[in-house]
Every structure is written in C-alpha cells, then in structure tokens.
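The lines below spell out each chain.
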Amino acid sequence: MEYVATLAFAKEQDRQDPLNKFREQFYFPQRKGKDAIYLCGNSLGLQPKNVKSAIEQELADWQQCAVEGYWAAKNPWLYYQQYCSKPLTAMMGASQQELTVMNTLTVNLHLMMLSFYRPTKQRFKVLMEAGAFPSDQYAVETQVRFHGFDPETAIVEVSPRAGEHLIRLEDILDIINKESDSLALVLFGGINYYTGQYFDIPAITAAAHEAGAYAGFDLAHVAGNIPVSLHNWDVDFAVWCSYKYLNGGPGAVGGAFVHEKYASNRGFLRLGGWWGNEESARFKMEKGFVPKKEAEGWQQSTAQVFNMVSLKASLELFEAAGIGALREKSQGLTNYLAFLLQQLKGINFEIITPKNCNERGAQLSLLFLEKGKEIHQQMTDAGIIVDWREPGVIRVSPAPMYNSYQDVFHFYEIIANIASNA
C-alpha cells in the first residue's frame, strides 16, 4: 500500500477497516476531557466494556448460589478455566487438551521448568536470549541454582552481534548446535519485550529437538498479538500472561500450553494439586495424585473465578474479531506508523524493531540516542500513553482490537510538533 502522511488518509483507512467497530467496545483513559492516544497495549490492555456485566454476573451467582455456584451458576465455576482455554485454541494453534489458564506467568514458568528442566551432569545448560525480560532471567537463574548448578556456566545467552540490536536466527541455531551435547532446555521469549523482535519459533524448536533438548517459550508479547501454531510446530511448552494484548486486566490469570505428547502422559513429571487431579476421582479425597490427561493436569488450585472473568469477557471479542483479521490490521498499523516516523526531521532516534512486519508484532521500539526520557514526558503531557524502557527505548504499540489509523497519525503529529520545538 502507498501510505500518505495526512489525517484524511488515516480517516479513510479507518472507514474501510472492518474491525474499527471493536474500538467502541473499550474504555479509553481520559486526558483533558478526551480519549488519550493509548498505544500501550503491549504493557496493559484496555478494559472491555463487557467486563462489568460479566463480573456482576459472577457476583450475583455468588450471592444467590454460594457454594452451589460451582455447578449451579450461569457459568458453573467447576469448569471456569475451560471458558478461557477454548477461545485460545485458534490463536495459540493448540487443542483445548493442550491449554489451560492458571496462576500467573512466572509461577507457570517455574512449574513448567520443574517438568521440562531436569538437568544431568552431562545435560544441564539452558539457552535463552540475552536481554530477556527480568522475570525470565530470575526464574532460570533460580531454577539452575535449585538443581545445584552455577548460572555462570549453566545459562548460555545469545546476543546481537556488535553494533546490532537484533539477534540473528543463524546465531541462535549455531549456538544450539555447538552446545548440543550439554543443552537441556532452550527457553526464548516469543517476542523480545525491548526490541519487539519476533523469533522464529518453529526453527528454534526444531533445532532444540535435533540437539536433544526441550523447547519452551514465554509468549507474553505474542498471545493475542500474533497467531501461532504451537502444536504443529512441536513446541514442548509455553507460558504467557493475559493482561497485555488479551486485555484480561491488571494481574490477570496466566496461560500455559503443554504439547499433547506430554499432557496426555500421566507419568510425565509435574507438581500435583487438587485441581490438577483426575476429575472423576477428585472428590473421593484419596491419596495418590492421578493427573488429568491434559494441560489442566498442571493446575494446582481451584479456578480463580474473579481473576478469570475479565479474560473470559475479552476473549468473546477476540472470537468475534478473529485473530487472523487482527494480525492483518496490526501489520497495516505498524507499517503506517513506521512510514510516518520516517517523515520526521530534527529528532534523533532509531527504530530497532525488525523492518519486516512478519518479524514483529504490534510494537515498534524507538531507541532515542538523547533526551529520550524528556521526549517521553512531553508525549505524556500531550495525551499520549506509551511506555519507557531503560536504557533508552520508547515502546509504541497500536493494538488492532481498539487502536485506529487516526491514533497512529495523531501520535505522529504530536511527536513531529515535539521535534519542531526541540
């Protein structure tokens, strides 16, 4: 498409957008009496308007049914996690047997590593991206120590080459090959939180398996952003949060994928909990953990109804919109944003996210070589909500479910004004 840096062009793109109607299904924070330009869905998604009634329904059922709500509520609480896992099947490319919602991302990462990171004297290393999100770094570091190994020797990181911001796939595959005899687990973020780089999950998975290692992924910035095919790609496990692109609310329930070859294997090691036990035997209250033959076998405790209800409400909108259509619009928005940013003069920054829209999600990371925090504050003062990440990046993320081409254009207008007054 040939882009034009005018408001008229942006308005026409929104007029032609079949997903533009979903914008009205969300609440936007207010700045000076009007909707803020919210481009921060990569950090926290907006509140869907259907959440309030969804919560009120569960409150009413709790009031009317009390404990009987587990089977007599409008949405019986015994099966609440399944109301969220079912809509996730299309966007994650998995069967419902392979998916569950539970806990939070880092808790789920620890639970998965206890199953999939079982080091030996020979195979004890974990390969991950340099600059992974801190919680992933901390989880891996402490898991390695838990098993009695030194993180300095057990954790191998893949870094960008000197003078580059992105990690080359060939370097990832080369290190996997070189470390093949000692590698126990390859654990990557699907998208790097800082640069916005989307990694080649199937290629990394295949290389890990060729080396005799498991392949797991943190999909915090992928879920609800880019459709994936976890089952067909033969990914061993994945975890994610739901408060970013999935709009599940602050601190919302996390999600997990376990490939069916492990999920269906009751003998595959995992920590037991009452809600992960076989349902037919759960209320017999007997000794002996018999896990469900599915990803739900990793669940620990009763479904967190009030922590899942907002996600359940949001996923209704995802089912209506379709993850494929959302992805197509997302690529259009980021391509337009990149085009507009190229028109800017008098401001010193670099887009460090991949230029190819197939190698990124909804986020563009702008690396400011000077005055980055000052510029971020000026954006905030002008009614833009984006986030700052040390040491120098402003992350701009137009979420296709509720952002518009006009949002992108107005962002450009404001930053152009900042540049002209610099």
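Residue positions are given per chain, counted from 1 along the sequence in the order it is written. With pLDDT at 70 or above as the cut-off, local features in this predicted model cover only qualifying residues; side-chain atom pairs require 80 or more to be listed or tallied, and sums for whole chains, interfaces and linings still use all residues. Side-chain measures here rest on the full set of heavy atoms in the structure, leaving out hydrogens and waters.

Caption draft 1: The arrangement of the overall build of the chain in detail. A count of helices and strands for the chain gives 15 helices and 17 strands. Restricting the calculation to C-alpha atoms gives the radius of gyration, and the globule rule supplies 2.2 Å times the number of residues raised to the power 0.38. What you see for the chain is a C-alpha radius of gyration of 22 Å, in line with the 22 Å of a compact globule of 422 residues. In terms of principal-axis extent, the alpha carbons of the chain reach across some 70 × 60 × 35 Å. Sorting the 422 residues of the chain into buried and exposed places 56% on the buried side. Contacts spanning at least 24 positions in sequence make up 70% of the contacts within the chain whose residues lie at least 6 apart. Surface exposure of the chain reaches about 18000 Å², of which carbon and sulfur atoms provide 51%. We treat Lys and Arg as the positive residues and Asp and Glu as the negative residues; His and chain ends play no part in the count. To locate a charge, the coordinates of NZ of Lys, CZ of Arg, CG of Asp or CD of Glu are taken. Side-chain charges of the chain comprise 38 positive and 46 negative groups, with the mean position of each set lying 3 Å from the other. Where helices and strands are cited, they refer to DSSP runs of H or I of at least four residues and of E of at least two residues respectively, numbered from the N terminus. For each residue, the accessible area found with a 1.4 Å probe, counting protein chains only, is set against the maximum for its type, and the residue is called buried under 20%, exposed over 50%, and partly exposed in between. Contacts: residue pairs with any heavy atoms within 4.5 Å of one another. In these tables, accessible area is a Shrake-Rupley quantity obtained with a 1.4 Å probe, and a residue counts as shielded only by the protein chains included in the view.

Caption draft 2: Looking closely at unusual backbone geometry. A cis geometry characterises the amide bond from Glu390 onward to Pro391, with omega recorded as 10°. By the secondary structure assignment, Pro391 is in the loop between strand E16 (387-389) and strand E17 (393-396). In the Ramachandran plot, Lys32 falls in the positive-phi region, its phi being about 55° despite a non-glycine side chain. Classification of Lys32 as exposed rests on a relative accessible area of 78%.

Caption draft 3: Highlighting a nonpolar patch on the surface. Among the surface-exposed residues, Leu59, Trp62 and Phe306 lie close enough to one another that they form a single nonpolar patch of about 320 Å² accessible area. Residue placement: Phe306 occurs in helix H12 (residues 305-321). Since its relative accessible area comes to 39%, Phe306 is described here as partly exposed. Only residues whose relative accessible area exceeds 30% and that form no salt bridge are eligible for patches; like-charged ones are grouped when within 9 Å, while nonpolar side chains (Val, Leu, Ile, Met, Phe, Trp, Tyr) are grouped when within 5 Å. We count a salt bridge whenever a side-chain nitrogen from Lys or Arg sits within 4 Å of a carboxyl oxygen from Asp or Glu.

Caption draft 4: Region of interest: the sheet that holds E16. DSSP bridges decide pairing: two strands pair if at least two such bridges lie between them. Read from one edge to the other, the open sheet built from 4 strands follows the order E13-E14-E17-E16, with strand pairing classed as antiparallel. Edge positions in the open sheet fall to strand E13 (349-351) and E16, since each of these has one partner strand only. In this sheet, neighbouring strand axes are inclined to one another by 30° on average, regardless of whether the strands run parallel or antiparallel. Angles run from 0 to 180 degrees between N-to-C directions of axes, and those axes are lines fitted to C-alpha atoms, restricted for helices to the stretch in contact. Its contacts with the sheet place helix H13 (residues 323-342) against E13, strand E14 (364-368) and E17, and it is angled at close to 25° to E14.

Caption draft 5: How the structure looks around the state of the cysteines. When two cysteine sulfur atoms are found within 2.5 Å, that pair is recorded as a disulfide. Taken as a whole and judged by the stated rule, the model has 0 disulfides. With no disulfide of its own, Cys65 lies 19 Å from the sulfur of Cys84, the closest cysteine sulfur. Note on Cys241: no disulfide assigned, nearest cysteine sulfur contributed by Cys40 at a separation of 13 Å.

Caption draft 6: Molecular detail of empty space enclosed by the protein. Only protein atoms enter the calculation, which uses a 1 Å grid: trapped sets of points that fit a 1.4 Å probe without letting it out are cavities, open sets showing protein on both sides within 12 Å along at least five of seven lines are pockets, and any residue with an atom within 4 Å of a point is a lining residue. Grid points are joined across faces, edges and corners, and a volume is the space filled by probe spheres set on the points. The final tally for this structure, using the stated rule, is 1 cavity of 30 Å³ or more. As for the largest cavity, its lining consists of Gly224, Tyr245, Asn247, Phe318, Leu326, Ala399, Pro400, Met401 and Tyr402. Under the convention adopted here, Pro, Cys and the residues Ala, Val, Leu, Ile, Met, Phe, Trp and Tyr are nonpolar, Asp, Glu, Lys and Arg are charged, and Gly plus all remaining residues are polar. Its residues assigned to classes, the lining of the largest cavity comprises 7 nonpolar, 2 polar and no charged. Domain limits in this description derive from either an automatic procedure or a database domain assignment. Here the lining of the largest cavity spans two domains, since at least three of its residues come from each of domain 1 (7-47 + 323-421) and domain 2 (55-319).

Caption draft 7: Region of the structure containing the UniProt feature "binding site: pyridoxal 5'-phosphate" (unreviewed entry) in the chain. UniProt positions are given in the numbering used here, feature names are shortened, and annotations may be inferred rather than shown by experiment. Following the UniProt record, one finds the feature "binding site: pyridoxal 5'-phosphate" (unreviewed entry) at Leu105, Thr106, Phe133, Pro134, Ser135, Asp136, Asp218, His221, Tyr243, Trp274 and Thr302. A maximum C-alpha distance of 31.2 Å among these annotated residues, which run over 198 residues, shows that they spread across the structure rather than meeting at one spot. Looking at where Tyr243 falls in the secondary structure, it is placed in the loop between strand E11 (237-240) and strand E12 (255-258). Aside from chain neighbours lying at most four places away, what touches Tyr243 is Ser43, Leu44, Gly45, Gly248, Gly249, Pro250, Gly251 and Ala252. Looking at where Trp274 falls in the secondary structure, it is placed in the loop between helix H10 (260-263) and helix H11 (279-282).

Caption draft 8: View of the UniProt feature "modified residue: N6-(pyridoxal phosphate)lysine" (unreviewed entry) in the chain. Mapped onto this numbering, the UniProt entry annotates "modified residue: N6-(pyridoxal phosphate)lysine" (unreviewed entry) at Lys244. Positionally, Lys244 belongs in the loop between E11 and E12. Lys244 sits in the buried class, given a relative accessible area of 10%. Leaving out residues up to four positions away in the same chain, Lys244 has contacts with Gly41, Asn42, Ser43, Leu44, Gly45, Ala220 and His221.

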